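What the coordinates show
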Amino acid sequence: MAKKQLNIGIVGYGFMGRTHSNAFLQAGRFFDLPCQPVLKAVCARNVERAKSFSDNWGYESIETDWRKLVDRKDIDLIDIASPNDTHAEIAIAAAQAGKIVMCEKPLGRNSSEALAMVDAVETAKVANMVWYNYRRVPAVVLLKKLIDEGRFGRIFHYRAKFLQDWTISQDLPQGGEGLWRLDVSVAGSGVTGDLLAHNIDTAMWLNGPIREVTAMTETFIKERKHNLTGEVAPVGIDDASAFLCRFENGSLATFEATRYARGHKALYTLEINGEHASAFWDLHDLHRIQYFDHRDEGQVRGWRDIHVTDGDHPYMDHWWVPGLQIGYEHTFIHQFADFAVAIDTGKEAAPTFRDGLATDYVTDAVLKSARTRQWENVSG
Ligand code: SOE
């Protein structure tokens, strides 16, 4: 019997438009999805670019106004892969039109936008999800399983970093395609919303809610030419951001993100230290976790290097054969496959918009603390 179609309309054709489109196309080839994803339309203002994107990925049509996309009766799911300043308006309209909504991270430019988005999807009772893709790395899922099994005992410490180096040049402009992440009016914030948000989402998934934070941020390059106006304008984003925090479970943590760590391209690392065990994960080596269990027999006790590629590791039975690893793009495929099943069964698939809001509350508290130079409670 033919599967029910899930008709997708995507907004945006940048880096994230590609990762999402690839997931829509690949998920059904490797997972037994309850539906058949159909790439109905891509929406972007630039017709030529939208057309070439649509030709490349096999979308059936293009739109240049997202409102038309949202109004289309032949679309079930609106996927938002456009810059951060568009998320709230599109998501709210899509929810009001009764569409399923997927949104790229961070959910809003701040928690007020994110809260309005949560209200919209919850009032309309439409399925929703935020693309915090690192939750779907098999090694990170394994770590979650080990924590939930109680292998770490009481958790004392959590440590996370996301280091990049692509904005060090003074000559790099801000704004416009590819560089909107440097324009605070579009992005909402700098590395706090773009990179720390990933660290925070994973951290709260693994270790529970964050209670309070104390932070510092810095903007190293104070002025950059704006691509859209051609004028030199103040830079409003944080180039680097670091904070200490206390989780609800009493554990202490340090987080750091920057785009000024020369030599590091996407070094997302996390470490967790518990009473019995510790573990470490690194995005550059994403199929491994380092795991130490103090309950091992003393003379052979030591750090284990677990290659998370075996058939009994999370998601891996859907891929090749044991020992052969997968990568970054697969995290999006996993996320969409989980979401498709959730839609079919009427269950939620995390991270929901409400989970995305929880992260935005933490990033808001981080930015506030950097301004006030005080400890700040996380609201929500
Ligand atoms: C920024 O360079 C960026 O692309 C983020 O926007 C993504 O969310 C992150 O996964 C990789 O880095």
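Residues numbered from 1 in each chain as written. Predicted model: local features only at pLDDT ≥ 70, side-chain atom pairs only at ≥ 80, totals over all residues.

**Looking at the domain arrangement of the protein chain**
In terms of domains, the protein chain is made up of domain 1 (4–133) and domain 2 (134–377). Here domain 1 and domain 2 have C-alpha centroids that lie 23 Å from each other. The interface of domain 1 with domain 2 comprises 37 residues on the first partner and 40 residues on the second. Counting only elements with at least two residues in the side of domain 1 that touches domain 2, the list comes to helix H1 (15–30), helix H4 (84–96), strand E5 (100–103), helix H5 (111–124) and strand E6 (128–130). Broken down by element, the side of domain 1 that touches domain 2 gets its largest block of residues, eight residues, from H1. (Domains from an automatic or database assignment. Contact = placed C-beta atoms within 7 Å. Helix = DSSP H or I, 4+ residues; strand = E, 2+ residues; numbered from the N terminus.)

**Re the pairing of strand E11 (residues 240–247)**
Within a regular strand, the side chains alternate between the two sheet faces. Pairing between strand E8 (residues 210–218) and E11: eight bridges, direction antiparallel. Opposite Val 213, over in E11, you have Cys 245 as the bridge partner. Note that E11 and strand E12 (residues 252–258) share seven bridges and pair antiparallel. Bridging from a neighbouring strand, Ala 240 pairs with Thr 258 of E12. Here E11 folds back onto E12 in antiparallel fashion, the turn holding four residues, of which Gly 250 has a positive phi close to 90 degrees. (Pairing = 2+ DSSP bridges.)

**Topic: the sheet that holds E11**
Ordered in space as E16-E15-E14-E13-E7-E12-E11-E8-E17, the nine strands form an open sheet in which the pairing is mixed. Looking at strand neighbours, the two that pair on one side only are strand E16 (303–307) and strand E17 (376–377), the edges of this open sheet. By the bridge criterion, four bridges tie strand E14 (residues 277–282) to strand E15 (residues 288–293) in an arrangement that is antiparallel. Along E15, the bridge assignment pairs Ser 278 with Phe 292. In the packing of helix H6 (residues 138–148) onto the sheet, the strands contacted are E14 and E15, and the crossing angle to E14 comes to about 165 degrees. Those strands touched by helix H8 (residues 191–207) are strand E7 (155–163), E8, E11, E12 and strand E13 (267–274), and its axis lies near 150 degrees from that of E7. (Axes fitted to C-alpha atoms, helices over the stretch in contact; angles between N-to-C directions.)

**Overview of the site of the ligand**
As a matter of local geometry, the ligand sits amid Gln 164, Asp 194, His 198 and Ala 266. Per-class residue counts for the shell around the ligand are one nonpolar, two polar and one charged. (Near = placed C-beta within 6 Å. Nonpolar A, V, L, I, M, F, W, Y, C, P; charged D, E, K, R; others polar.)

**Re the nonpolar core**
Judged by nonpolar contacts, the single largest core of 104 residues is most densely connected at Ile 78, Ala 91, Val 101 and Met 117. Each of two domains, domain 1 (4–133) and domain 2 (134–377), supplies a minimum of three residues to this core. The next biggest cluster of nonpolar side chains, apart from the first, holds five residues, and it includes Trp 180, Leu 182, Val 184 and Ala 187. (Core = buried A, V, L, I, M, F, W, Y, C linked by C-beta atoms within 7 Å. Buried ≥ 20, exposed ≤ 12 C-beta atoms within 10 Å, placed from the backbone.)

**Topic: H5**
With 14 residues, H5 should cover 20 Å at 1.5 Å per step; its first-to-last C-alpha distance of 20 Å lies within 8% of that length. One or two residues past the end of H5 sits Lys 125, with phi positive at roughly 55 degrees. (Expected span 1.5 Å × (residues − 1).)

**Quick look at the environment of Gly 190**
Within the secondary structure, Gly 190 is located in the loop between helix H7 (184–187) and H8. Residue contacts for Gly 190: discarding those within four places in its chain leaves Ile 237, Asp 238 and Asp 239.

**Here we look at unusual backbone geometry**
A cis amide bond links Lys 105 with the next residue in sequence, Pro 106, at an omega value of -10 degrees. Mapped onto the fold, Pro 106 is located in the loop between E5 and H5. Put simply, Ala 350 and Pro 351 share a cis peptide bond, and its omega is 0 degrees. Considering the arrangement of structural elements, one finds Pro 351 in the loop between helix H9 (328–345) and helix H10 (353–372). A positive phi angle, near 60 degrees, is found at Arg 373, a position not held by glycine. As for its placement among the helices and strands, Arg 373 is situated in the loop between H10 and E17.

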